[in-house]
Protein chains: 2
Amino acid sequence: MSNNQSSLDNPSDLRSLFRDSKLICPTSGLAAGYVQTNLAILPKKYAFDFLLFCQRNPKPCPLIEVIEAGKYTPIQSAPYADIRYDVPQYRIYENGTLSKEVDNIADIWTDELVTFLFGCSFSFEEALIESGINLSHFENKKNVSMFITNINTIPAGVFSGPTVVSMRAIPRDKLVKTIQVTSRFPNVHGAPIHIGNPEQIGIKDINSPDFGDINVVNEDEVPVFWACGVTPQAVAMKSKPPLMITHSPGHMFVTDIKNHEVAVI
Amino acid sequence: MSNNQSSLDNPSDLRSLFRDSKLICPTSGLAAGYVQTNLAILPKKYAFDFLLFCQRNPKPCPLIEVIEAGKYTPIQSAPYADIRYDVPQYRIYENGTLSKEVDNIADIWTDELVTFLFGCSFSFEEALIESGINLSHFENKKNVSMFITNINTIPAGVFSGPTVVSMRAIPRDKLVKTIQVTSRFPNVHGAPIHIGNPEQIGIKDINSPDFGDINVVNEDEVPVFWACGVTPQAVAMKSKPPLMITHSPGHMFVTDIKNHEVAVI
């Protein structure tokens, strides 16, 4: 990688590298301190139902910004960005099936497309680490474990389905602090939705995640579950829209908003 | 009023009285402890833009619930209510002009109508009073003063316009507590958006409100301004939709949600 560290720390410089395809990589650890988002782009026909789904299910679907049909500038979160180029890698789904992975979507862009940007757990993980809470999946260089639960989302129009959660193993003596810290960040999934008993939310085997990596929960740790940004993508996919565009896993959109700006207090 | 006190304290009983037109009155002080909402009903054609407007402007437009086109049950906030009957009084606007005031909207209801319920300041006022902060407009039996400001909302589609604020005179030694308490309630307008200098937000004369009553700010008090639920109604009206239905001022929809349930922490 020939890019110097400073351009990897600055959202605007980093997006330029993605825009010019000089860099294609996961964004974890880059532009530290800035909000990164999940991406879902859908045809206008689905936009009201999907926006309503997000309004009804803010924990799995915490909206950072919605861009009107045909527009590609995230005016609130990154006013000089172009959503067609500035995500490191995109996935194109046709009728609910992955058709390809690309580094820009300029050639398939139409005036019919509405863009949804969702807060991601990177923001609250940073806040946890700053508060002295070690996250073992980071130390083990693994992705979090994700599970499909028995907790239904509130349906809206054509959209419905189960909540997907991410699990982090938290030392028992850090449990209260973990809840306090993440409660400040409702726009990036916020407080956990379950603590301690995977079976109660429909998870049969904590060592057999539906997505992500296996993460061992040690004796002195408690499994803590957060609503996960995979939920809106999974729910949208289920309705098999003719076209849907998302970011490739881990290849997030990097905004100009600082993590502390999305804290409620 | 022949109704005993207990039916005025209970949201369900109270809505029954409104439903049967046995009672038509402002709802301030009724069903204490429960969230009351502002109402805006718009044709489906406007629904995505208006929902997006609310998403972009959560302080003036804090959504409690949105009900899909043609449906009249607020499943999340009052699952046994009927939005066509259960508001004490409605206003019908045609092309942006008030055409009549009615006690139900059953005869003009269509499958094209989408209902928006917004949190209202009654919830945070109750929290302020419980925290020992006297609100002089209550003591003087007046409505709050409301002003059109120079703070623009973030436009969405056909919707745009200035933020309307409500003003409360707060004793200077209660200012910090006031901000702390209201910060816990982002779903009912939340923290103030301005403190102390009306001119800075475009208010020329604090004794000449655009809506509501005049409220004197005493020597030891500071004028504090909150984003107001009049904003979405004013903004929607400006676009002159063929039909728009709101509650009559002060005649709110009473939900089954307790005020403390909408607190973020």
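Residues numbered from 1 in each chain as written. Chains lettered and ligands numbered in written order. Predicted model: local features only at pLDDT ≥ 70, side-chain atom pairs only at ≥ 80, totals over all residues. Heavy atoms only, no water.

## A look at the relation of the copies chain A and chain B
Part 1 of the argument: Take chain A, turn it by 180°, move it 0.0 Å along the axis, and it overlays chain B with an RMSD of 0.0 Å. Here the symmetry operator amounts to a two-fold rotation axis. Of the C-alpha atoms belonging to chain A, the one lying closest to the rotation axis is found on Phe 48 of chain A, 2.5 Å away. (Least-squares fit on C-alpha atoms with pLDDT ≥ 70 in both.)

## Describing the environment of Phe 124 of chain B
Part 1 of the argument: Secondary-structure assignment places Phe 124 of chain B in helix H4 (residues 122–130).
Part 2 of the argument: Ignoring any residue separated from it by four or fewer positions in sequence, one finds Phe 124 of chain B in contact with Arg 168, Thr 182, Phe 185, Val 188, His 189 and Trp 226 of chain B. (Helix = DSSP H or I, 4+ residues; strand = E, 2+ residues; numbered from the N terminus. Contact = heavy atoms within 4.5 Å.)

## Regarding the sheet that holds strand E6 (residues 145–152) of chain B
All names here are of chain B.
Part 1 of the argument: Reading across the sheet, the 5 strands line up as E8-E10-E7-E6-E9 and stay open at both edges, with antiparallel pairing between neighbours. Each edge of the sheet is formed by a strand with only one pairing partner; in this case those strands are strand E8 (194–195) and strand E9 (211–212).
Part 2 of the argument: Pairing between strand E7 (residues 162–171) and strand E10 (residues 221–227): 7 bridges, direction antiparallel. Note on E10: the bridge partner recorded for Met 167 is Phe 225.
Part 3 of the argument: Running at roughly 15° to E10, helix H6 (residues 175–183) makes contact with E7, E8 and E10 of the sheet. (Pairing = 2+ DSSP bridges. Axes fitted to C-alpha atoms, helices over the stretch in contact; angles between N-to-C directions.)

## Brief notes about the pattern of salt bridges
Part 1 of the argument: Per the counting criterion, the structure on display carries 15 salt bridges over all chains.
Part 2 of the argument: Between Arg 56 of chain A and Glu 68 of chain B there is a salt bridge whose closest N-O contact spans 3.1 Å. With Arg 56 of chain A in helix H3 (residues 47–56) and Glu 68 of chain B in the loop between strand E2 (63–67) and strand E3 (90–94), this pair bridges two chains. Of the two residues examined, Arg 56 of chain A and Glu 68 of chain B, each falls in the buried class.
Part 3 of the argument: Note that Glu 125 of chain B and Arg 168 of chain B form a salt bridge whose closest N and O atoms lie 2.7 Å from each other. Of the two residues, Glu 125 of chain B is situated in helix H4 and Arg 168 of chain B in strand E7; the sequence distance between them amounts to 43 residues. (Salt bridge = Lys/Arg side-chain N within 4 Å of Asp/Glu carboxyl O. Buried < 20%, exposed > 50% of the residue type's maximum accessible area, 1.4 Å probe, protein only.)

Nothing here speaks to function; it is all geometry.
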